[in-house]
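# Coordinate inspection notes
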Amino acid sequence: MRSIIFISILVLSTICSAQKNDSIPESEKEYLKLLNYTPKNFKIDLKNKPSNEFLKTDLNSIWKLKYAYELKDKLTDYEIKWLEEQINQLAVAYFIENKPIIIKSVGGYSGCPEQLLETELKNKTEITILSICSGGCIINKNTEDFVELFNNRTKKLLQNLK
């Protein structure tokens, strides 16, 4: 009886651990890691950081800055300006690390592509194209503004390489 219980527990634990390891594809792990990555050269301007409740979190990644910028309707002009400077500095920090990123807003009516992370060669530099998928038919204007702001800084930096 003991051996049957032991074998049952062993088989059950093997099945459970096998399911846990393959739950997220490798490409999706890489995508999520990049969205939440903080470049070594990125320093948040804590001295001038506004004390607004929406900006209390560590705004040190694309995902966190994008989320904060989506709430810009609830921020003052000073807070928006500070946030935009952080977005610009994040784009610069990626560029300094030789990881320039262009963000592409995808989704809406046409849906989201399977591949959310691509690379492309521009001006002899490998660029990472990071797709941010909107969930439905309604486009968030603030997200589009975030994408444009981030991309404009990256594109200016790439132009200087010519």
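Refer to the structure presented above.
Residues numbered from 1 in each chain as written. Predicted model: local features only at pLDDT ≥ 70, side-chain atom pairs only at ≥ 80, totals over all residues. Heavy atoms only, no water.

### Describing the environment of S27
Topologically, S27 is positioned in helix α2 (residues 26–35). The class for S27 is partly exposed, based on a relative accessible area of 42%. Each C-alpha atom, one on S27 and one on Q115, is 8.1 Å from the other, the two residues being 88 residues apart in sequence. (Helix = DSSP H or I, 4+ residues; strand = E, 2+ residues; numbered from the N terminus. Buried < 20%, exposed > 50% of the residue type's maximum accessible area, 1.4 Å probe, protein only.)

### A short note on the pairing of strand β1 (residues 101–107)
In regular strands, side chains alternate between the two faces of the sheet. Here β1 lies mainly inside the structure; five of its seven residues are buried. Judged from the seven bridges that link them, β1 and strand β3 (residues 125–134) form a sheet pairing that is parallel. Each residue of the ladder has a partner; that of G107, found in β3, is S134. (Pairing = 2+ DSSP bridges.)

### Looking at the packing of aromatic side chains
A complete count under the given rule lists four aromatic pairs for this structure. Geometrically, the ring pair formed by Y37 and Y94 is tilted, given 6.0 Å between the ring centres and 50° between the ring planes. On the criterion of sequence distance, the pair formed by Y37 in the loop between α2 and α3 (62–70) and Y94 in helix α4 (residues 77–96) is long-range, its members being 57 residues apart. The pair formed by Y37 and Y94 is uniform in burial state, with each residue classed as buried. (Phe/Tyr/Trp six-rings, centres within 6.5 Å; stacked < 30°, edge-to-face > 60°.)

### Comments concerning the nonpolar core
One broad rule of soluble globular proteins: the nonpolar side chains tend to lie buried together. The biggest cluster of nonpolar side chains holds 30 residues, and the ones touching the most others in it are I62, L83 and F150. Broken down by secondary-structure element, the contributors of at least two residues to this core are α2, α3, α4, β1, β3 and α5 (141–159). L83 has contacts with L55, L59, L65, A68, Y69 and L75, leaving out every residue within four places of it along the chain. Core analysis: the second largest hydrophobic core is formed by seven residues, F95, I129, L157 and L158 among them. (Core = buried A, V, L, I, M, F, W, Y, C linked by side-chain atoms within 4.5 Å. Contact = heavy atoms within 4.5 Å.)

### Digging into the pattern of salt bridges
Per the stated rule, a full pass over the model turns up six salt bridges. A salt bridge links E120 to K122; the nearest nitrogen and oxygen atoms lie 3.6 Å apart. Residue E120 is classed as partly exposed on the basis of its relative accessible area of 36%. Of the residues examined, K122 reaches a relative accessible area of 32% and is grouped as partly exposed. Between D145 and K141 there is a salt bridge; the shortest N-O distance is 2.7 Å. Pair noted here: D145 and K141 are both in helix α5, with a separation of four residues, about one helical turn. The exposure class assigned to K141 is exposed, which follows from its relative accessible area of 56%. Taken together, the shared-partner salt bridges connect K72, K141 and D145 into one network. (Salt bridge = Lys/Arg side-chain N within 4 Å of Asp/Glu carboxyl O.)

### Some thoughts on unusual backbone geometry
Backbone geometry at N98 places phi at a positive 60°, although glycine is not the residue there. With respect to the secondary-structure elements, N98 resides in the loop between α4 and β1. Its relative accessible area of 69% is what places N98 among the exposed residues.

### Focus: the sheet that holds β1
The pairing of strands in a sheet comes from backbone hydrogen bonds and takes either a parallel or an antiparallel form. Read from one edge of the open sheet, three strands run β1-β3-β2, paired in mixed fashion. Every interior strand has two partners, whereas the edge strands, β1 and β2 (117–122), have only one. Pairs of neighbouring strands in the sheet enclose a mean axial angle of 35°, with direction left out of account. Sheet topology note: the β2/β3 ladder contains six bridges and is antiparallel. By the bridge assignment, T119 is partnered in β3 with T128. (Axes fitted to C-alpha atoms, helices over the stretch in contact; angles between N-to-C directions.)

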